[in-house]
Amino acid sequence: MRFRLPEKVVERSLLLVAMSSVAILLLITVFIFREGGPLLVQVGLGNFFSGAWDPQHDQYGIALMVVGSFAVTSGALLIGVPFGIACAIVLAEMAPPRARSILKPAIEVLAGIPSVVYGFMGIVVLLPMIRTHIGGPGASALAGSIILGIMVLPTVIGISVDALQAVPRSYREASLALGATQWQTIRRVVLPAARSGIVAAVILGMGRAVGETMAVIMVAGNSVQMPHSPLDSVRTLTANIALEMGYAAGDHRAALFATGIVLFVIIMILNTLANLARGRLKKRSVVVVTLAATAADLVKPRAKPEEQ
Amino acid sequence: MLPRMRTRSLCTFLLLAAIATLATACNRNQAGGETAVTLAGSTSVQPFAEHWAETYMGQNPGITINVQGGGSTAGVKAALAGAADVGMCSRELKPDEAAKLKKIVVARDGLTIVVHPSNAVADLTVEQVRSIFAGRIKNWSEVGGADHKMTVVTRENGSGARGAFEELVMNKESIASSALVQDSQGAVRQMVSADAGALGYVSHGVVDASVKPLKIGGVAPTEATLTAGTYPLIRPFLFISKGEPAGAAKAFIDWILSPAGQALAVKEGLIAVQK
Amino acid sequence: MSNAHPKLDLCELTIRYGEGPAVARNISLGIARNSIHAFIGPAGSGKTSILRTINLLSIDVDGATVTGRVLLDGQNVLEATTNARAELRRKLGMAFATPQPLPRSIYENLVFGPRLAGVRGKAVLDGLVESSLRAAQLWDEVKDRLTHSALALSGGQQQRLCIARIIALEPEVILLDEPCSGLDPISTLKIEQMMQSLKSRFTWIIVTNNTKQAARVSDNTAFFLLGDLIENDTTDKLFTAPVDTRTADYIEGRFG
Amino acid sequence: MSAAARRRLITPRQSQFCARVILWAMMAATLAVLVFIVLFVVKRGLAHVSWEFLTGAPSLSGKAGGVLPMIVGTLAVTALGVALATPLGVGTAIYLTEYTREGRITKIIRFGAECLAGVPSIIFGLFGFVFFVLVLGFGWSILAGGLTLAFMILPTVIRTSEEAIKSVPPSYREVALSLGASKWESIVKVVLPSAMPGILTGVILGVGRSISETAAVIFTSGSSLSKVIPTSLFDGTRTLAVHFYQLAREGISADKAYATATVLVLAILIINVTAYAIMSRFMKRYR
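Residues numbered from 1 in each chain as written. Chains lettered and ligands numbered in written order. Predicted model: local features only at pLDDT ≥ 70, side-chain atom pairs only at ≥ 80, totals over all residues. Heavy atoms only, no water.

### Thoughts on the interface of chain B and chain A
Consideration 1: The interface of chain B with chain A comprises 26 residues on the first partner and 23 residues on the second.
Consideration 2: Of the roughly 1800 Å² buried at the junction of chain B and chain A (both faces included), carbon and sulfur atoms supply 50%.
Consideration 3: It is Asn157(B), Leu180(B) and Val181(B) in chain B that bury the most area against chain A; as a group they hold 29% of the surface buried on that side.
Consideration 4: Inspection of the region where chain B meets chain A yields zero salt bridges.
Consideration 5: Across the chain B-chain A interface, the total number found is six residue pairs in polar contact (both at pLDDT 80 or more).
Consideration 6: Broken down by element, the residue count for the side of chain B that touches chain A peaks at four residues, all from helix H3 (residues 72-81) of chain B.
Consideration 7: For the side of chain B that touches chain A, the per-class residue count stands at six nonpolar, 14 polar and six charged. (Contact = heavy atoms within 4.5 Å. Buried area = accessible area lost by both parts, 1.4 Å probe. Salt bridge = Lys/Arg side-chain N within 4 Å of Asp/Glu carboxyl O. Polar contact = N/O pair within 3.5 Å; in protein donor to acceptor, adjacent residues only side chain to side chain. Helix = DSSP H or I, 4+ residues; strand = E, 2+ residues; numbered from the N terminus. Nonpolar A, V, L, I, M, F, W, Y, C, P; charged D, E, K, R; others polar.)

Written out as structure tokens, the structure is:
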């Protein structure tokens, strides 16, 4: 008989392999904290979250970058989420299979285009448009939001489509059988049922927006200032790291790693939230209640006209 | 049957790839005949250094010159740590840095204030430039131009151009936080060329038709004024090393300082170093 | 009918999944060498679980907990080590309710098991393919398209291919789990004929929902109900003079 | 009925119509952006993509010449990343689907993979810079870049491989086991070959992500413009995406920048279409 790998050995080795992603995550955490942590302790969290960023004078406050990231990200979500969910609804509910087989890969291509190309398109197309039609220097939180809004689309669409498709077909049939139109069914049955999945999609899209670097550097202007309008230039956390990393040494470099820590923590919080939201998706009981309520809701307006 | 073949070919491919990479990895240690010089630092110097390296390597086969970016400060650190044979720096060394390093001025560069070609303003004083970058002057009408809001474009912290600009112009004042920050000379030029109200500073060597260079205190940045030293904003391009450069690095630097090397610099818009 | 030296002997076998109730309780039953033994009973009677326990699939795949013993020639199958199980399963070939050809050619399907067992050499494998296809009475139908996909065969042919695939391993016992449930009468008949003709070579256990099929092909029949063995006897006796009224009710079709 | 219907602002039928129009319009707008980007880049760049451009070395900082060293560098970094991420990712997927039931360990592994998927590329870049470039002393190199990319695309490979392995009918495993295969043999000989197209899709998507990555490789493989093709794992390299960034940012040459972007965008298009073609054939087989 031939030699066989003992199953136990196989299983143990596979477990080891499977733990690699956890190990990598830990490794990243350890090294980012190792580089940036001491500075956080040294300058104190209070100073680190102040508004003064002046590495030449040893002032490392990243509050304005946090504001910048927040501004650009929320702008991106304002643009990306409605379009993302609309596309997801079309893909999951409306498009005939043949159209879907073209639309879906097209959206995935959108995800594959390098972020530097997005940034470049921003510079040559978007910035002049903002400058001439809206005003300001062009490079602004608005420009960053629009570019990121496009860049988060594939994330939002992908996960929303999954969430919508996970809604059992019977829910739709039940609603349609009660006389609801397709749109009523989507709005009152499918979307509520897929709610937590869509929330996860938005959160992960947010993570994508917060983490994007190259495109933002190219279009957001990178001024370390408090933005007063969408046309003001802002610097995000990621831009701060990538802009100055090449030059930084000593405390300055540590401060950039500390910026990385903040970014990392924000991403971890978002991931955890998304995970929780998706976890709730599995608790179908919530959905069933929604369905019952919706069915009752649907029947009412129909019942009224028949009385007359 | 098909999937089976696919697995096999994939495995074969991966195996071949692994062998190939291993082979090349070993190869590295055997390639003894070549001499390599590594330069790292200022992104302002980088394109010129690349140009020098390219020409030099063309004339001296067997020598490889790697030019890494990173920025002036990184260049200083790399030279100190020995990570690079030669560091590139586009500002004067700070006293503590100068104490530990050998520096060679390989060329000089005129820091040029550029505006949009349509801008009517042609001449500013150093004080006006300082006021603009400090945020005290915000409209072109205040310096004799049209009523147009200014867009100030600066470089990022740590860049040699910014270091030199702060040293030559700002006189310890801070650049206003509202200034747009771009991470390369090309990006500054791009920004300025696209915005009628913009101004920024770049190397004389990268000025092209898309932007308009300003006179400073009446002196235009031309080859003549730069060489004569009458243009006020001049910064050195430094090559720095931990000790006296030796071997291939020295040969390369000597060539740069030779008429052939300097002619190349002048052709690219830099100022030759007087021997 | 009890045999002094059964080929396969189930002793006090109890099977449960997870924390749930036992799906088979305290089953003791002998399977005679070179016979066809039918397991009958309505859905949920535990007969498939017992079959899947004999070759340990219920334990390795479904995660069942099993107590009792399954003796193959006196050796307890349940005590086999992980590494011995593969060897054991070659002796206890199994075909499933729906034909399960692997997505590859007919030839590759047949040599899959022998190759795993270490059989090498084209001539040997070719011979094995032909003899097992002949045994399964499939050779004449497929001999010209051995390199074609097995998925292109009809359902009945696929099931016979699966049995041929088992025969290629020269097993001792062949376990059939409702092998004809999805097949037409002609295909069913062919499989039944094949079983009869190969009785001298193997010991067969067939789980079936079809009492008539059990009556047609088997030597002995066991009737299960809700996890209990109700009655086990020669097929003639069980179908003509069942002891238990539930057996009588089932074979007469009063429930099922 | 009609009187009452009029009293409501719009009838369900009208709202259905409006919703359809608006949603499809939004879909169309999204697609328009995609088509616009691709056409904009390709239209300006394709004329400058020539055989010489693809097979030549750059000169004058990229103002002239071609991009062969960058293409080779990109391929090397990508190949290394994929060669490392594939066994790890597929192994993880096998473990999650075949060797364990859902429990605490799978939860931890899945959470780790999901978090890794969300980590921004700049963080991977920072980490790769400290760990591979500095601590392990690889320098800015293909090795450091490839390892960093491997970590980055690992979650993609895990997710797609898991889906692919899960979609292999369970009966295949039983058949293999019943024919005397050990568990591992059943996976290697039956499950993996059947899941291969799905796994390949994940790998191809990982390739796409590696090619288009900038932030993570600029910190780990460097941005040194080299005229020569890298020959060792320890050579630094400038990938196509980084080269494009430099060309566009430094304003070195718009033509070369568009040409480089065209190569990138077309490569991504081809990769995605290939992945999708494989995937849809795969899905058909099991439906």
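What follows continues from the structure just given.
### Here's the deal with the sheet that holds strand S7 (residues 173-177) of chain C
Residue and element names in this part refer to chain C.
Consideration 1: A sheet is described by the order of its strands in space; here six strands give the open sequence S6-S7-S8-S3-S9-S10, paired in mixed fashion. A strand with exactly one partner marks an edge of an open sheet, and here the two such strands are strand S6 (92-95) and strand S10 (228-234). Put simply, the sheet's adjacent strands are angled 15 degrees from each other on average, direction ignored.
Consideration 2: Sheet topology places strand S3 (residues 36-40) next to strand S9 (residues 220-225); four bridges connect them, and they run parallel. (Pairing = 2+ DSSP bridges. Axes fitted to C-alpha atoms, helices over the stretch in contact; angles between N-to-C directions.)

### Side note on empty space enclosed by the protein
Consideration 1: Inspection of every chain in the model, using the stated rule, returns six cavities of 30 Å³ or more.
Consideration 2: What lines the second largest cavity is Phe120(A), Ile123(A), Gln182(B), Ala187(B), Gln190(B), Met191(B), Ala248(D) and Arg249(D).
Consideration 3: Mapped by element, the contributors of at least two residues to the lining of the second largest cavity are helix H5 (115-133) of chain A, helix H7 (185-194) of chain B together with helix H11 (240-250) of chain D.
Consideration 4: Residue contributions to the lining of the second largest cavity peak at three residues, all from H7(B). (1 Å grid on protein atoms, 1.4 Å probe; cavity = no way out; pocket = protein on both sides within 12 Å on 5 of 7 lines; lining within 4 Å. Points joined across faces, edges and corners; volume = space filled by probe spheres on them.)

### Quick word on unusual backbone geometry
Consideration 1: Look at Asn222(A): it is not a glycine, yet its phi comes out positive at around 65 degrees.
Consideration 2: For Asn222(A), the location among the structural elements is in the loop between helix H10 (214-219) and helix H11 (237-245).
Consideration 3: You will see that Lys172(B), though not glycine, has its phi angle at about 70 degrees, which is positive.
Consideration 4: Structurally, Lys172(B) is set in the loop between helix H6 (160-170) and strand S7 (180-182).

### As for the domain arrangement of chain B
Residue and element names in this part refer to chain B.
Consideration 1: Along its sequence, chain B is carved into domain 1 (4-107 + 235-267) and domain 2 (110-228).
Consideration 2: In this assembly, 11 residues from domain 1 lie in contact with 12 residues from domain 2.
Consideration 3: Between domain 1 and domain 2 the total buried area reaches about 820 Å² when both faces are included, carbon and sulfur atoms providing 49% of it.
Consideration 4: When the buried area of domain 1 at its contact with domain 2 is split by residue, Phe48, Arg91 and Arg235 rank highest and sum to 50% of it. (Domains from an automatic or database assignment.)

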